[in-house]
Amino acid sequence: MTDFSSFDNLDESGCEVVDRPLPVQSLAPFDPTVHGTEKEMVIYYDETNNIRKLLLTEDGFNVTKYDNFVLGGIAVESGKELPDINDLRTILKIQKNAPEIKFDLVAKGDFEKVLDSKKLGQFFSWLIEHDIKIHYTNLNILNWAILDIVESIVAEDAFREYLLGHRELKNELYRMVSKDVLGFLAILKGYNYPDLEAGSTVAFLKDVRSFVVKHAPIEKNGALSALLEILLKGQVIPGLTFLMHNKPDYVIEGFEDIFINRVARFKNSRHIFDEEKTVQKAIAGIRIIDGDRDVDFSFADSKFTPGIQLSDVMVSFLGKYFTFLERTPVPMLMSKKASLNPLQKQNLKLFRQLVSSTDFHSNALLFRVTTIDSDCKADFFLYGLELPAHIHPA
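Computed from a predicted structure; not experimentally measured. (Residues numbered from 1 in each chain as written. Predicted model: local features only at pLDDT ≥ 70, side-chain atom pairs only at ≥ 80, totals over all residues. Heavy atoms only, no water.)

Here we take up the overall build of the chain. Check the secondary structure of the chain and you find 16 helices and twelve strands. Against the compact-globule benchmark of 21 Å for 394 residues, the chain has a radius of gyration of 22 Å, which places it among compact chains. Expressed along its principal axes, the backbone C-alpha trace of the chain runs to roughly 65 × 55 × 40 Å. Every one of the 394 residues in the chain was classed for burial, and the buried ones make up 55%. A separation of at least 24 residues holds for 81% of the contacts in the chain among residues at least 6 apart in sequence. About 17800 Å² of surface is accessible on the chain, with carbon and sulfur atoms providing 52% of the total. In the chain, which carries 45 positive and 57 negative side-chain charges, the distance between the mean positions of the two groups comes to 6 Å. (Helix = DSSP H or I, 4+ residues; strand = E, 2+ residues; numbered from the N terminus. Rg over C-alpha atoms; globule rule 2.2 N^0.38 Å. Buried < 20%, exposed > 50% of the residue type's maximum accessible area, 1.4 Å probe, protein only. Contact = heavy atoms within 4.5 Å. Areas by Shrake-Rupley, 256 points an atom, 1.4 Å probe, with all protein chains shown as cover. Lys, Arg positive; Asp, Glu negative; His and termini not counted. Charge placed at Lys NZ, Arg CZ, Asp CG, Glu CD.)

Structure follows, in structure tokens:
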């Protein structure tokens, strides 16, 4: 249940993770729409909203706040020197006694207040001026916690016809769960999720289906109807593949596989992570090999690594941005976008420029592990793309 290496195709990159077996899910077909993974870059990382572990409890989860986890930062092409950040410190008017650039020296508050920061715009402009790319893996934690329900059904040969629409099915499950998260988690807890006992498939899928029926609108889109269909037909499956032989209640045991995944994805790049003791301990002894060479990754102290300081600012902004998108209902999102002030609009424009420049360089640098609806909300807010009818207010 905690295997994040299925995000991208490690086999496609030609890399091998040594001292850790590659899960079957990592052997996904090559995606021809992904480009730029072969580029040589120096990629700096920081993270935000790392809850370490996610467990089911009698009251829901072991944490009350589970905002989107983001691993990301900045990237520069190999051979290009990272500019002297003292110039940026001067632009941002950061006091000399501050040991490093941190996000709270650039902006504070919720996303809307952060977007209204003049210093944030200066930071974005500096990155653009020096042709620095951004990158992220954005993970919706609640979505990740429940998606194996659908994955376990469509993995069966008898349900292969649903495989092409698996994202739509998971999107609808998440949409219904969002209407009563605690109620749904109570169902999962009752079955020792994600470690369902043999023979419990029928009862479990019946309860999940009843929950979806209870919260479904009268007029259902095709994906929601298909979800109800597979939750009914799937009751013939003896055991749900990805929901067996796991630790009961342990939905996420750690995020270290995300770190490994990014290293394997960009095998020709050098990866420099901010020091994180939990992750460092978890991947100690792990080697990622491309042919006869090790892919270069290391951990560094941000105080002495300007690229990580820049990543701190970038990833902190991204954490607020993606959580804002997840938590804001569509009608309110539309209203908030329409009421942005000139500075907020300018900062959003600069951010859009960073995203577009990065996407052109390598779209694999920008990775979202969330629902289709969340992706649509992001594309609406950043690019003004039309929202799908089922989440658009009447």
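Further remarks concern the sheet that holds strand β7 (residues 250-252). The three strands lie next to each other as β4-β3-β7, forming an open sheet whose pairing is antiparallel. Two strands close off the open sheet at either side, each with one partner strand: β4 (60-61) and β7. With two bridges joining them, strand β3 (residues 54-57) and β4 adopt antiparallel strand pairing. When the sheet's bridge partners are listed, T57 is paired in β4 with G60. Relative to the sheet, helix α8 (residues 181-190) contacts β3 and β4, its axis offset from that of β3 by approximately 85°. (Pairing = 2+ DSSP bridges. Axes fitted to C-alpha atoms, helices over the stretch in contact; angles between N-to-C directions.)

In this structure, the amide linkage connecting Y193 to the following residue, P194, adopts the cis form with an omega of 5°. Relative to the helices and strands, P194 is located in the loop between α8 and α9 (201-215). Even without being glycine, R52 reaches a positive phi, approximately 70°. With respect to the helices, strands and loops of the structure, R52 is situated in the loop between β2 (41-48) and β3. For R52, a relative accessible area of 37% puts it in the partly exposed group. One non-glycine residue, K93, lies in positive phi territory at about 55°. You can see K93 is positioned in the loop between α2 (85-91) and α3 (111-115).

Where α9 meets helix α10 (residues 222-233), the closest approach of the two axes is 9 Å, and the angle between their N-to-C directions is 155°. Judged by the angle between their axes, α9 and α10 are roughly antiparallel. Between α9 and α10 lies a crossing whose hand is left-handed. Contacts between α9 and α10 involve L205, V208, R209, V212 and V213 on the former and, on the latter, L224, L227, L228, L231 and L232. Residue composition of the contact of α9 with α10, grouped by class: nine nonpolar, no polar and one charged. (Parallel < 35°, antiparallel > 145°, perpendicular 65-115°, else oblique. Left-handed = near helix turned anticlockwise from the far one by under 90°. Nonpolar A, V, L, I, M, F, W, Y, C, P; charged D, E, K, R; others polar.)

What the six strands build is an open sheet, ordered β11-β8-β2-β5-β6-β12; its pairing is mixed. Both edges of this open sheet fall to β11 (297-300) and β12 (366-369), since each of them pairs with a single strand only. Strand-to-strand twist across the sheet, computed as the mean angle between neighbouring axes with direction ignored, equals 20°. Direction of pairing for strand β8 (residues 270-274) relative to β11: parallel, over a ladder of four bridges. Residue I272 lies in a different strand from β11, and its bridge partner there is S298. Lying over the sheet, helix α11 (residues 256-265) contacts β2, β5 (69-77), β6 (133-139), β8, β11 and β12, oriented at roughly 25° with respect to β5.

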